Structure formats: C-alpha cells, structure tokens
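# Survey of secondary and tertiary structure
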Amino acid sequence: MYSRIIGTGSYLPKKILTNKNLESMVDTTDEWIVERTGIKQRHIAEDTESTSSMAINASIDAIESSGISSKDIDLVIVATTTPDQIFPSTACIVQNKLNIVAPAFDVQAACTGFIYALSVADNYIRTGMSKNILVIGSEKYSNLLDWNDRSTCVLFGDGAGAVILSADSSQGIISSHIHADGQYNDLLSVENNQIKMKGNEVFKVAVNTLSKLVDETLLNNNMDKTSIDWLVPHQANLRIIKAAAKKLSLPLDQVVITVDNHANTSAASIPLALNEAVKDGRIKEDQVLLLEAFGSGFTWGSVLLRY
Ligand code: ACO
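None of the values given here were measured: they were computed from a predicted structure. (Residues numbered from 1 in each chain as written. Predicted model: local features only at pLDDT ≥ 70, side-chain atom pairs only at ≥ 80, totals over all residues. Heavy atoms only, no water.)

Our focus in this paragraph is the nonpolar core. By size, the foremost hydrophobic cluster in this structure holds 40 residues, and its most contacted members are Ile195, Ile228, Leu231, Leu248, Leu290, Phe294 and Phe298. Within the residue set of this core, elements represented by two or more residues are α7 (199-220), α8 (238-247), β12 (288-295) and β13 (299-306). Per-domain counts for this core show at least three residues from each of domain 1 (2-168) and domain 2 (173-306). Not counting chain neighbours up to four residues away, the residues in contact with Leu290 comprise Val214, Thr217, Ile228, Trp230, Leu231, Val232, Leu248, Ser302, Val303 and Leu304. Membership of the second largest hydrophobic core comes to 34 residues, among which are Ala109, Ala117, Ile270 and Ala273. (Core = buried A, V, L, I, M, F, W, Y, C linked by side-chain atoms within 4.5 Å. Buried < 20%, exposed > 50% of the residue type's maximum accessible area, 1.4 Å probe, protein only. Helix = DSSP H or I, 4+ residues; strand = E, 2+ residues; numbered from the N terminus. Domains from an automatic or database assignment. Contact = heavy atoms within 4.5 Å.)

And the structure:
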C-alpha cells in the first residue's frame, strides 16, 4: 500500500516583517540578507496566534482540499519544535479542536521534522494501521529569536502547512530516508529559549550532507536524477537550495522556492512550499517529487514520491 497526498493546506500569519523593517531593529541591510540567504520578508505570528492555532487553520485547508471528512482521519502527527506547551502535545490540541477521534502525537526533529513525520506516517499506512493521516508542520519561531542578534533573527519566520496522506494501491511515497548525528549539537541549538547557531559551519555540513542524501535516495530506488520533476526542499537558505538543485542538474524553475517570502519556518517550510506549488498548478498528478531537509540535531532526510 502507498501513502498518497490527497490534500494540502497552509496558514501564514498576516503580519509581515520585511528586511527593511529589520534594518531599524538590528545592524543589518536588506542587501546583506538577500545576498546571503535569498530572504526578503517573513510572516510573524501575533500574540494571539500559536503553533496549534496555525496548525488548525492549515489542517482545515488540507482537509477541505482532500475531499475527505475529519471523521475519516485515523492519526494526527504534528512536526514542531515550538509547541504551545510541553504537554499536551500540539497534535492533541489540534485533534480536540477539529473533533477528530484518533491517536495524536508530536514529532521533534527541528527543520527535518516534517520529513520525519511523513516517514512515520508512511509506515503506519504501509503496515495497514492507518488509512487517512493528517500530517502537519507548524512553527512559531518568533518566540525563539533574540531580536538583538542579527546573525539569527533575520533568518526565521512563522507559519504552518499540512497534508492528508491516504492509503492508495497505485502510487504515493516511493521511499523515505531519515538520519541523525548528535555529535554536532553545539553548532545549532536552543539555549535559554533562544536560537544559537554557528551559521557558516552549519552551512558547510548542510550542503555536503544534502548532496549525499540525494545520491542515497536515487540509488535506493535505482532512479536517475532525470526522473525528478520537482525538488521541494526545506527553505533555510537560497544558496543551500541552489546547491541541491545543481546536484540534481535541475533548473531553478523545477525547484519550489518560498524562502524569499517565508524565510526559514523550520518543520513548516516543506508543507508550505508543497501547498503553494500544488494550489497554483505547478505540481501535477503523476509527477515525481523529491522532498529534502536538514536541521538541528543534526537531523536530515528525504521523501521521494509520485504525486
Ligand atoms: N547583517 C549583516 N551582517 C551580518 C548579519 C546580518 N544579519 N549576520 C551576520 N553578519 C556578518 C557576520 O558578523 C560576519 O561578519 P565578520 O566577517 O565581520 O565576522 C559576516 O556577516 C559573515 O558571517 P557568516 O556567518 O560567515 O555569513 P554566511 O555567509 O555564512 O551566512 C547564514 C550566514 C545565512 C546564517 C548561513 O551561514 C546559513 O544559512 N547557514 C545555514 C543555516 C541552516 O541551514 N540552518 C539549518 C536549519 S535551521 C534549524 O534546524 C532550526
């Protein structure tokens, strides 16, 4: 049995913070941010908006587009590093507010969270334990930022994306690959509720690791890079995305890029990008998609699927 994406949804807070706005907050320039990261703006949640409220809005959108009812959902998984509270899990809050009667749990793998969550969901469907799974990535990183630290506060944003994965006998997720190596945890972590990152060191490991991950994913499926129709990468930095596209010899018009408008929304970035390209008609049925991410832990992973 395959896990097929039958619905996608997203939610972005209305409040937008541009690079120009940041120029008046820290010693930075629009030019530096665009040149080093590709980011032009990010969405920032209001105090009244939370990881769970954004997750619920994205889920409603995904359920509507899937054509199934929330009654048909038999598992809820939320990928997040920024839960409303330590417990209950964000997944339980979503499950309750959407009147879903199903088990619910969170997955925490920083920016790779959504790939980890898809990998877990795929195994529930393959083994016949679930038929319709709501998989969400939702993050409120604005809570974790030191707004005086120019090296991190310009990089992140808030938002949520969601998909409905459904059992399908013909096509869907072809393979998923997840990895972790905790020896690098001092390069990227949260201390005293604020992100600490040695950005240029993370950058080098991310580019090298994602290159190996592309090879691993294709080799595992005996596929050639020409089979990929779309790269839907985690949106941390345009230069990292371009390196992955180069590895696949993919032109940038076959790469879904949202980092310019969303910045890095961690576990939400892939479902946000996926929803955008599905809804505007770029991603079409039967096309082959490669989703990949790298994040704190370090964690990294990919999902290859036929849409
Ligand atoms: N504005 C202006 N100058 C700045 C800013 C800023 N906002 N931030 C840093 N600088 C300065 C630095 O102080 C440094 O100055 P110096 O040379 O005088 O010391 C200079 O710019 C260069 O700094 P670098 O850190 O070397 O810049 P780099 O080109 O590496 O870009 C960046 C930094 C954007 C963070 C990049 O390294 C990156 O994207 N790293 C990877 C991030 C990532 O993928 N993280 C994983 C996912 S996140 C997660 O899992 C939560």
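Don't stop here, the text continues.
Domain annotation for the protein chain reports domain 1 (2-168) and domain 2 (173-306). Taking the mean C-alpha position of each, domain 1 and domain 2 sit 15 Å from one another. Listed per partner, the contact involves 55 residues of domain 1 and 48 residues of domain 2. Buried surface at the junction of domain 1 and domain 2, summed over both partners, amounts to about 3,800 Å²; 61% is from carbon and sulfur atoms. The largest per-residue losses of area from domain 1 upon contact with domain 2 belong to Cys111, Ile115 and Leu144, which jointly make up 16% of the total buried on that side. Counting across the domain 1 and domain 2 interface gives two salt bridges. Between Arg4 and Glu285 there is a salt bridge whose closest N-O contact spans 3.3 Å. Linking domain 1 to domain 2 there are 27 residue pairs in polar contact (both at pLDDT 80 or more). (Buried area = accessible area lost by both parts, 1.4 Å probe. Salt bridge = Lys/Arg side-chain N within 4 Å of Asp/Glu carboxyl O. Polar contact = N/O pair within 3.5 Å; in protein donor to acceptor, adjacent residues only side chain to side chain.)

The next point concerns the site of the ligand. Every one of the 27 residues lining the ligand counts as a neighbour, but Thr28, Arg36, Cys111, Asn237 and Ser296 are closest to it. At a separation of 2.9 Å, a nitrogen atom of the ligand approaches a polar backbone atom of Arg150. At 3.0 Å, a backbone N or O of Gly199 approaches a nitrogen atom of the ligand. When isolated, the ligand has an accessible area of 1,000 Å², and the protein chains bury 75% of it. At the level of secondary structure, the elements contributing two or more residues to the shell around the ligand comprise α2 (30-37), α6 (150-153), α7, α8 and β12. Tallying contributions element by element places α7 first for the shell around the ligand, with four residues. Shared between two domains, the shell around the ligand holds at least three residues of each, these being domain 1 (2-168) and domain 2 (173-306). (Near = heavy atom within 4 Å. Areas by Shrake-Rupley, 256 points an atom, 1.4 Å probe, with all protein chains shown as cover.)

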